[in-house]
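Structural overview for review
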Amino acid sequence: MTIAQSMASSGQTLASTALKALARRAQGMTGADIERWVREARQSARRDRRPLSYTDLETQLGGTRPSRSTALRLRIATHEAGHAVARMLVGFGPIAEITVDAKAGGGFVIGSTGQDEMTESWLTAVLVETLAGRAAEEIMLETFSANSGGVDHSDLASATKLAVEMETILGLGGRWPLIYRKATDIAATLAANPELAARVNERLERAYQAACTIVREQTDAIDFLAEQLFDAGTLDGPELDAVLTETRKRIRERPG
C-alpha cells in the first residue's frame with residue numbers, strides 16, 4: 001500500500017508535493033508500516049477533533065526514523081555527493097535519485113551505469129565510483145567513517161566482490177586469467193590465498209587512488225551537491241535535474 005492509497009482510504013487529500021515529500025521519508029517502509037503510520041496520525045487528529053493534516057503525518061513519521069546529528073548528516077551528504085560526481089565523471093548513465101535519508105540509516109545514489117560492455121576499464125570505473133564516497137569523506141572531511149563497510153551490501157563489500165570476480169571468473173586476472181575459479185566464500189578464499197588477496201587489494205588501491213584524485217579535483221562540485229543534499233534530504237525528478245545541472249557547471253575539466 002502506498003501513502004497516497006492510505007490517505008485516500010482515510011478520505012483525506014494532500015497536495016502532490018506534500019505527498020512526494022512524505023513518500024521520500026517513508027522509503028523502505030512496508031505497506032503495513034505505512035498503514036500503521038497513517039492510522040496513528042489519523043487517531044491523533046481525531047483526538048483533537050480536526051481533519052488529518054500533513055503536519056500530523058510528518059510528526060508521526062518523525063518518530064519512525066533515528067535522529068542524526070548535523071555532523072553525521074553532513075558526512076552522509078558528502079559521501080553520496082562523492083559517489084554522484086564520480087558517476088558523472090566516469091561516464092555512467094543518468095542519476096535518478098540521491099538521498100541521505102535512507103531508512104537503514106545512510107544514503108544512496110540510484111542511476112544507470114550507462115553501458116553493458118564489461119571491459120576491464122569499465123569494471124574499474126565501477127570500482128572507482130563505488131569507492132568515491134569513502135574518498136570524499138577522507139579528503140573533504142579529513143576523516144572517514146566505518147560506514148563504507150560492515151555489511152554485505154556495503155561499498156567495501158561490493159568493491160571487494162567485484163575485484164575478486166575480475167581476478168577469478170571474469171577472465172581479467174593477473175594470474176591464470178583463463179581458469180574459472182568461482183569463490184563461494186570470498187572472505188575464506190582471500191584468507192587462504194594471500195597471493196590472490198594481494199592482487200585484489202592492488203586493484204582496490206588503484207581504484208581508490210583514482211577516486212581520491214577525482215575528489216581532489218572536484219571539491220567545488222562535491223561541496224555544492226553535498227550542501228543541496230544536506231538541505232533537501234532527497235533529490236529526484238526536476239529538482240535533481242536542476243541541482244545536477246548546477247553541479248556540472250562546477251566540475252573542473254580533467255587533464256587528458
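Scoring rules and cut-offs
- Residues numbered from 1 in each chain as written.
- Predicted model: local features only at pLDDT ≥ 70, side-chain atom pairs only at ≥ 80, totals over all residues.
- Heavy atoms only, no water.
- Helix = DSSP H or I, 4+ residues; strand = E, 2+ residues; numbered from the N terminus.
- Buried < 20%, exposed > 50% of the residue type's maximum accessible area, 1.4 Å probe, protein only.
- Contact = heavy atoms within 4.5 Å.
- Areas by Shrake-Rupley, 256 points an atom, 1.4 Å probe, with all protein chains shown as cover.
- Core = buried A, V, L, I, M, F, W, Y, C linked by side-chain atoms within 4.5 Å.
- Patch = residues over 30% accessible without salt bridge, like charges linked within 9 Å, V, L, I, M, F, W, Y side chains within 5 Å.
- Salt bridge = Lys/Arg side-chain N within 4 Å of Asp/Glu carboxyl O.
- Lys, Arg positive; Asp, Glu negative; His and termini not counted.
- Charge placed at Lys NZ, Arg CZ, Asp CG, Glu CD.
- Pairing = 2+ DSSP bridges.
- Phe/Tyr/Trp six-rings, centres within 6.5 Å; stacked < 30°, edge-to-face > 60°.
- Lys NZ or Arg CZ within 6 Å of the ring centre and 35° of its normal.
- Axes fitted to C-alpha atoms, helices over the stretch in contact; angles between N-to-C directions.
- Parallel < 35°, antiparallel > 145°, perpendicular 65-115°, else oblique.
- Left-handed = near helix turned anticlockwise from the far one by under 90°.
- Nonpolar A, V, L, I, M, F, W, Y, C, P; charged D, E, K, R; others polar.
- 1 Å grid on protein atoms, 1.4 Å probe; cavity = no way out; pocket = protein on both sides within 12 Å on 5 of 7 lines; lining within 4 Å.
- Points joined across faces, edges and corners; volume = space filled by probe spheres on them.
- Polar contact = N/O pair within 3.5 Å; in protein donor to acceptor, adjacent residues only side chain to side chain.

Check the secondary structure of the protein chain and you find eleven helices and three strands. Secondary structure elements in the protein chain, listed N-terminal to C-terminal, are α-α-α-α-α-β-β-α-α-α-α-α-β-α. A buried classification covers 41% of the 256 residues belonging to the protein chain. Considering only contacts within the protein chain whose residues lie at least 6 apart along the sequence, 68% involve residues at least 24 apart. Of the roughly 13600 Å² of accessible surface on the protein chain, 52% is carried by carbon and sulfur atoms.

Turning our attention to the nonpolar core. Counting residues in each nonpolar core, the largest one holds 48 residues, and the members touching the most others are Ile-95, Ile-98, Leu-127, Val-200, Leu-225, Leu-229 and Leu-244. Residue assignment for this core shows that the elements contributing at least two residues are α5 (70–90), β1 (95–99), α6 (120–140), α7 (155–168), α9 (194–217), α10 (219–232) and α11 (237–249). Residue contributions to this core peak at ten residues, all from α6. Leaving out residues up to four positions away in the same chain, Val-200 has contacts with Thr-160, Ala-163, Val-164, Glu-167 and Leu-190. Judged by nonpolar contacts, the second largest core, of five residues, contains Ile-34, Val-38, Ala-41 and Leu-52.

Take a negative patch on the surface next. Residues Asp-220, Asp-223, Glu-227 and Asp-231 make up a contiguous surface patch of negative charge. With respect to the helices and strands, Asp-220 occurs in helix α10.

On to the pairing of β1, then. Within β1, four of the five residues are buried, leaving the element largely enclosed by the surrounding structure. As defined by bridge partners, β1 adjoins strand β2 (residues 108–111) across four bridges and the pair is classed as antiparallel. Bridge assignment links Thr-99 to a residue of β2, and that residue is Phe-108. With three bridges connecting them, β1 and strand β3 (residues 234–236) associate as antiparallel partners. When the sheet's bridge partners are listed, Ile-98 is paired in β3 with Leu-235.

Under the counting rule described, the total for this entry stands at one aromatic pair. Taking the centre distance of 6.4 Å and the plane angle of 45° together, the rings of Phe-92 and Trp-122 count as tilted. One end of the pair, Phe-92, is in the loop between α5 and β1; the other, Trp-122, is in helix α6, with 30 residues separating them in the sequence. The pair Phe-92 / Trp-122 is uniform in exposure class, with both members buried. Positioned above the aromatic ring of Phe-230, the side-chain terminus of Arg-73 is 5.7 Å from the ring centre.

One can find Leu-57 in helix α4 (residues 54–62). Exposure remark for Leu-57: the relative accessible area of 0% places this residue in the buried category. Taking the C-alpha atoms as reference points, Leu-57 and Ala-45, twelve residues apart in sequence, are found 9.7 Å from one another.

This part takes up the packing of α6 against α9. Between two packed helices, the angle of one axis relative to the other and the distance separating the axes together describe the packing. Where α6 meets α9, the closest approach of the two axes is 6 Å, and the angle between their N-to-C directions is 60°. By the angle between their axes, α6 is oblique relative to α9. Handedness of the α6/α9 crossing: right-handed. Counting all contacts with α6, which are made through Glu-120, Leu-127, Val-128, Leu-131, Ala-132, Arg-134, Ala-135, Ala-136, Glu-138, Ile-139 and Met-140, the residues of α9 involved are Arg-203, Leu-204, Ala-207, Tyr-208, Ala-210, Ala-211, Cys-212, Ile-214, Val-215 and Arg-216. Tallied by class, residues from the contact of α6 with α9 come to 16 nonpolar, no polar and five charged.

Put simply, the largest pocket is a space of about 770 Å³. Residue lining of the largest pocket: 27 residues in total, with Gly-107, Asn-147, His-153, Ser-154 and Asp-155 positioned closest to the centre. Counting residues per element, the ones that place at least two in the lining of the largest pocket are α5, β2, α6 and α7. For the lining of the largest pocket, the residue count by class is ten nonpolar, twelve polar and five charged.

With that settled, the discussion passes to the side chain of Arg-75. Tracing the backbone shows Arg-75 in helix α5. Within the local environment of Arg-75, its side chain forms a polar contact with the side chain of Thr-143, the two groups lying 2.7 Å apart. Those residues in contact with Arg-75, other than ones at most four positions away along the chain, are Glu-137, Leu-141, Thr-143, Phe-144 and Ser-145.

Just geometry here; none of it tells us what the structure is for.
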